[in-house]
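Fold and contact review
Here is what each chain is made of, one letter per residue.
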Amino acid sequence: MSLNVGVDIGQSVDPSALVVVETYRPEQTPEELKHRQRPDRRHRVRWIERVPLGTDYGRVVERIAVVAGQAQILGSATIVLDATGVGRPVVDMLKRQTSVSLRAVVFTSGQHETQPSYDVFRTPKVDLVTSLETVLQARRIEFVPDCPLQEDMRAELSSFDFSMSDRGHATFDGASGTHDDLVSALMLAVWFGERPGLDDLWAAELAEYGAAAL
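My aim in this report is to walk through the structure given alongside it, one point at a time. (Residues numbered from 1 in each chain as written. Predicted model: local features only at pLDDT ≥ 70, side-chain atom pairs only at ≥ 80, totals over all residues. Heavy atoms only, no water.)

1. Observations regarding the pattern of salt bridges
- All told, the structure shown has 13 salt bridges when counted by the stated rule.
- Across the salt bridge formed by Glu156 and Arg50, the nearest N and O atoms sit 2.6 Å from each other. With Glu156 in helix H5 (residues 150-159) and Arg50 in strand S3 (residues 42-51), this residue pair connects regions lying 106 residues apart in the sequence.
- The exposure class assigned to Glu156 is buried, which follows from its relative accessible area of 5%.
- Overall, the relative accessible area of 24% leaves Arg50 in the partly exposed class.
- When the shortest N-O distance is used, the salt bridge between Asp56 and Arg59 registers 3.9 Å.
- Asp56 sits in the partly exposed class, given a relative accessible area of 43%.
- Taken together, the shared-partner salt bridges connect Glu22, Arg42, Arg44, Arg46 and Glu142 into one network. (Salt bridge = Lys/Arg side-chain N within 4 Å of Asp/Glu carboxyl O. Helix = DSSP H or I, 4+ residues; strand = E, 2+ residues; numbered from the N terminus. Buried < 20%, exposed > 50% of the residue type's maximum accessible area, 1.4 Å probe, protein only.)

In structure tokens:
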């Protein structure tokens, strides 16, 4: 199990959004054990929050650090933050505010992901949208009963729009007049939770933590 804190940094018209998603694998069924099949990962949304529009970045960073710290109490936590545009300075501020593992994601219009450093990904946004769509279509996402802003999230998901330009460029936005900050934060958390090899990463990080504690 891990907890991924998806963060969409707001700008002039959208507030910053934080979504905490617990990613886990259900217990294997006898049939899965027989055929050595691993159950698909599931994603449980534990917390949804909007930081009020107009909040300065210093206070936004403080809030992200608090939420990530609370997630870390429950299990291995990672902040997955949109570092496109104004996100990069926020990444640097966060590194000074929290010891929670941090991954910065820069959206690109390219076709392939690159990873210039361990904690930075340059990723086509279509990859994040595809991850979320796959999870939603397979009904592998759920909300804890007392999760705040569930209805706001459902409303954003229902109005989220995918379109393709004449030149073949994909765009993803909320419908006209709506926000997409919650969906963007959810996409980041789910995309990271769905990444291949993440189980090995969790095991390595847990082993490293255990060795450091000795």
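2. So, the packing of H5 against helix H6 (residues 181-194)
- Running from N to C, H5 and H6 point in directions that differ by 90°, and their axes come no closer than 8 Å. The orientation of H5 with respect to H6, classified from their angle, is roughly perpendicular. Contact residues: Asp152, Met153, Glu156 and Leu157 in H5; Asp181, Leu182, Val183 and Leu186 in H6. (Axes fitted to C-alpha atoms, helices over the stretch in contact; angles between N-to-C directions. Parallel < 35°, antiparallel > 145°, perpendicular 65-115°, else oblique. Contact = heavy atoms within 4.5 Å.)

3. Here we look at the environment of Arg103
- Tracing the chain through its elements places Arg103 in strand S5 (residues 101-108).
- Owing to a relative accessible area of 3%, Arg103 belongs among the buried residues under this scheme.
- Sequence separation of Arg103 and Leu81 is 22 residues, and the distance between their C-alpha atoms is 6.3 Å.
- At a separation of 2.6 Å, a polar atom in the side chain of Arg103 contacts the side chain of Ser101. (Polar contact = N/O pair within 3.5 Å; in protein donor to acceptor, adjacent residues only side chain to side chain.)

4. Observations regarding the environment of Val190
- Looking at the secondary structure, you find Val190 in helix H6.
- Placed 57 residues apart in sequence, Val190 and Glu133 show a C-alpha to C-alpha distance of 10.0 Å.

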